[in-house]
Amino acid sequence: ENWIMLCVSNTRTLDRVPMRNTDWFNYGGVYREVEVFDTPATVIRDLFVRLDNGQIRASVTADGPATAAHIEIPELGIDAEIPLTDGRGEGVFDASPDLWSPDMPRLYDVSCTAGGDTVRDRVGFRTIERRGTEIVLNGRPLFLRGISVHEDDETTGKVTSEADIRRRFEHAKELGCNFLRLAHYPHHERAAQMADEMGLLLWEEIPVYWAIAFDNDATLRDATNQLRELIRRDRNRASVVIWSIGNENPDTDARLSFMRSLTETARAEDPTRLLGAACLVNHAKLKIEDRLAAHIDVIGINEYYGWYDEKFEELAEIGANSSPDRPVVISETGADGDLEAGPETGLFSIAYQAEVYEKQIATLRTLDYIKGMSPWILYDFRVERRQNIFQRGWNRKGLIAADKATKKPAFQILADHYAERRAEEEKSR
C-alpha cells in the first residue's frame, strides 16, 4: 500500500561539503547498502557506551513510551535498568574491563532493550588523551605508525565490501601499521567495526576540503550534520581515536569561526576523543602556523618535500623553527611512482618514490614533536583532474598499485621503519 522511493543527485553545489573541487574521484549514486526497518512503538535511537574515569558510562536515547532501558554487559557483570526521562537516560557502573589496544583488541558484548526494541553492539574500552606533545593510549605514549586510505577500486569504484576492507587492513598490518587515516570523508561503517576487531587505530574525517564556503550558514549546517552523523555512528568504536574536521583550508577569519563551531559540536557529541585537522605551514616563515591549531588536539601536516616542494632541506628548517605545544602527525607525505609507464629514475619513477620515503623518514626521525605519520597513500586511486603521461587519471602515490596486489619498493622501506619503531616501543616498556 506504500511506495518507497530513493532519489539521488550527485550534483555538487557551492554550498555543500565537499564543493566541486576535490582531488579524488567523487563518485555519485547509491554505492552503499540501503536498509528499511519495521520499528516497534519504542525505538532506541542512540546508545553510547564508554570508559569514563574508570567507570562504564552508558547513555541511551529512545523515542516512544518506554520509561526505562535495560543494559547488559555480561562479562563485566553489568545488568541494570536506566530510567528514561523524555526519552533520555544515563547509567554509570563500576567495572574493570580489559583495555582495548592494537596489541589486544578486546571487545565486550553489549545489549540494550527499551520497550520492544533491542540493540546489540561489541564495544572496546580504552582511554586516549594528549599530554603536551604526546598522544597517550591507556596511559602510555604512542607513536602512530599509519597510512592514509581512500575508498576506491579500479573495477567497482566506490562500492566496497568486507573483503575489500579486510584486504586494506591486512596490507596495513603487513606494513606494521597501528593506525590509518580514513580520507577524506566517512568510510563504510564496517571499516571501524573491523578496525575494532583487528586492532587498528583510526582517524575519521568529514570532507571540509580546501576552500569551501566558510561564510555560508548552509555550508556550516551541512558540515555540522555530517560530523554529528559520523560521531553518533562510530563513537562506540574503540578504534576511532581522532575526529578530523578539515583538510588544507586557508586560514581566514571565516574559516576559523566555521571550524571552531565544528570543534564545539564534536566535543559536545563526544568528549572522549581527540580532535584533529590537516593544518597549514607558513612557507614564508618555514614554520607550522595555523590559528586552528589552538582549538584542536592533534595538528595534522600535509607536506610533500621531495615532490611538490623541491627544497627538501626546508623540512628540517620547519622542524627547527616550530615549537608546537601539542602533538603533530604527518597526515600526508609521499611521491608518485608509476609502475606501468614511469621512467627508471627521476620524477614518477618508483626509484624516486623510494628515495623520497628514505629522506622523509631520516628527517622526521629528528623531530621529537612528530608523534605519527600516515603517508599518502596505500593504493593508487582514480582522480579525474590528474592527466599527464604518467598519471593518466590516477594518483600514483600508492605504495601498492591500483590492482591492490603489486607492491612498490617504498612499501618495504616504510615497513622496515615501522618495524624499527615498534621494536623501540617494546624495548622502552
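Everything that follows concerns the structure shown earlier in this document.
Residues numbered from 1 in each chain as written. Predicted model: local features only at pLDDT ≥ 70, side-chain atom pairs only at ≥ 80, totals over all residues. Heavy atoms only, no water.

K.L.:
Looking at this structure, I do not really get the overall build of the protein. What am I missing?
P.N.:
A tally of regular secondary structure across the protein gives seven helices and 22 strands. Principal axes of the C-alpha set define a box for the protein whose edges measure 70 × 55 × 45 Å. When the 429 residues of the protein are sorted by exposure, 56% land in the buried category. Restricting to contacts in the protein with at least 6 residues of sequence separation, those with at least 24 account for 68%. Per element, the accessible surface of the protein, about 19200 Å² overall, is 47% carbon and sulfur. Distance between charge centres in the protein, computed from 54 positive and 73 negative side chains, equals 2 Å. (Helix = DSSP H or I, 4+ residues; strand = E, 2+ residues; numbered from the N terminus. Buried < 20%, exposed > 50% of the residue type's maximum accessible area, 1.4 Å probe, protein only. Contact = heavy atoms within 4.5 Å. Areas by Shrake-Rupley, 256 points an atom, 1.4 Å probe, with all protein chains shown as cover. Lys, Arg positive; Asp, Glu negative; His and termini not counted. Charge placed at Lys NZ, Arg CZ, Asp CG, Glu CD.)

K.L.:
Got a minute to help me understand the pairing of strand β20 (residues 370-373) in this structure?
P.N.:
Across a regular strand the side chains alternate sides, sitting on one face of the sheet and then on the other. Alignment of strand β11 (residues 144-149) against β20, held across two bridges, turns out to be parallel. Looking across to β20, one finds that R145 is bridged to M373. (Pairing = 2+ DSSP bridges.)

K.L.:
Whenever I open this one, the environment of I400 confuses me. Can you help?
P.N.:
With respect to the secondary-structure elements, I400 resides in the loop between β22 (394-395) and α7 (409-428). Accessibility expressed as a relative area gives 0% for I400, which makes it buried. Taking the C-alpha atoms as reference, I400 lies 8.5 Å from I377; in sequence the two are 23 residues apart. Other than its neighbours up to four places away in sequence, I400 contacts H171, L378, Y379, D380, A405, T406, K407, K408 and F411.

K.L.:
Teacher, can you tell me more about the pattern of salt bridges here?
P.N.:
Side chains that differ in sign of charge can pair as their charged atoms come close. For the structure shown, the criterion picks out 51 salt bridges. Of the charged contacts in the structure, one is a salt bridge between E90 and R50, with a shortest N-O distance of 3.5 Å. Taken together, the residues span a long stretch of sequence, with E90 in strand β5 (residues 88-94) and R50 in strand β1 (residues 43-52) at a distance of 40 residues. For E90, a relative accessible area of 43% gives the class partly exposed. By relative accessible area, R50 is classed as buried at 14%. The partner of E197 in a salt bridge is R190, with the nearest N and O atoms 3.7 Å apart. What makes E197 partly exposed here is its relative accessible area of 40%. One network of salt bridges, in which partners are shared, links D46, R228, R232, R235 and E269. (Salt bridge = Lys/Arg side-chain N within 4 Å of Asp/Glu carboxyl O.)

K.L.:
Before we go on, may I ask you to explain unusual backbone geometry in this structure?
P.N.:
The bulk of non-glycine residues show a negative phi, and the bulk of peptide bonds are trans. The omega angle of the peptide bond from V17 to P18 is -5°, so this bond is cis rather than trans. Inspection of the secondary structure assignment puts P18 in the segment before β1. Along the chain, W376 connects to I377 via a cis peptide bond; the corresponding omega equals 15°. Note that I377 resides in the loop between β20 and β21 (381-382).

K.L.:
I keep staring at the side chain of N178 and nothing clicks. Help me out?
P.N.:
Within the secondary structure, N178 sits in the loop between α1 (162-175) and β12 (179-182). A relative accessible area of 4% means that N178 is categorised as buried. Looking at N178, its side chain comes within polar contact range of the main-chain oxygen of F143, at 3.1 Å. Only 2.8 Å separates the side chain of N178 from the backbone nitrogen of R145, close enough to count as a polar contact. Not counting residues up to four positions away in its chain, the partners in contact with N178 are P102, L142, F143, L144, R145, L200 and L201. (Polar contact = N/O pair within 3.5 Å; in protein donor to acceptor, adjacent residues only side chain to side chain.)

K.L.:
Even after reading the chapter, I still don't get the sheet that holds β5, so can you show me in this structure?
P.N.:
Pairing between the strands of a sheet comes from backbone hydrogen bonds, and it takes one of two forms, parallel or antiparallel. The three strands are arranged β1-β2-β5 in an open sheet whose pairing can be described as antiparallel. The open sheet terminates on both sides in strands that have one partner only, identified here as β1 and β5. Adjacent strand axes in the sheet meet at a mean angle of 15°, parallel and antiparallel pairs treated alike. The sheet contact formed by strand β2 (residues 55-63) and β5 spans seven bridges and is antiparallel. Bridge pairing in β5 places I56 opposite F93. (Axes fitted to C-alpha atoms, helices over the stretch in contact; angles between N-to-C directions.)

K.L.:
I would appreciate a short explanation of the sheet that holds strand β8 (residues 128-131) in the present structure.
P.N.:
Strand order in the open sheet formed by three strands is β8-β9-β10, and the pairing between neighbours is antiparallel. Single-partner strands in this sheet number two, and they are β8 and β10 (140-142). In this sheet, neighbouring strand axes are inclined to one another by 45° on average, regardless of whether the strands run parallel or antiparallel. Sheet topology note: the β8/strand β9 (residues 134-137) ladder contains four bridges and is antiparallel. The partner of E129 across the bridge, within β9, is V136.

K.L.:
In this structure, what is going on with the packing of helix α3 (residues 217-234) against helix α4 (residues 253-269)? I would like to understand it.
P.N.:
Describing two packed helices takes the angle between their axes plus the distance from one axis to the other. At a closest axis distance of 10 Å, the pairing of α3 and α4 adopts a crossing angle of 25°. The angle between the axes of α3 and α4 places the two elements in the roughly parallel class. In this structure, α3 crosses over α4, and the sense of that crossing is right-handed. In this structure, α3 uses T219, L220, A223, T224, L227, R228, I231 and R232 to contact α4, whose residues at the interface are F258, S261, L262, T265, A266 and E269. When its residues are assigned to classes, the contact of α3 with α4 shows seven nonpolar, four polar and three charged. (Parallel < 35°, antiparallel > 145°, perpendicular 65-115°, else oblique. Left-handed = near helix turned anticlockwise from the far one by under 90°. Nonpolar A, V, L, I, M, F, W, Y, C, P; charged D, E, K, R; others polar.)

Shape is all these values report; function is a separate question.
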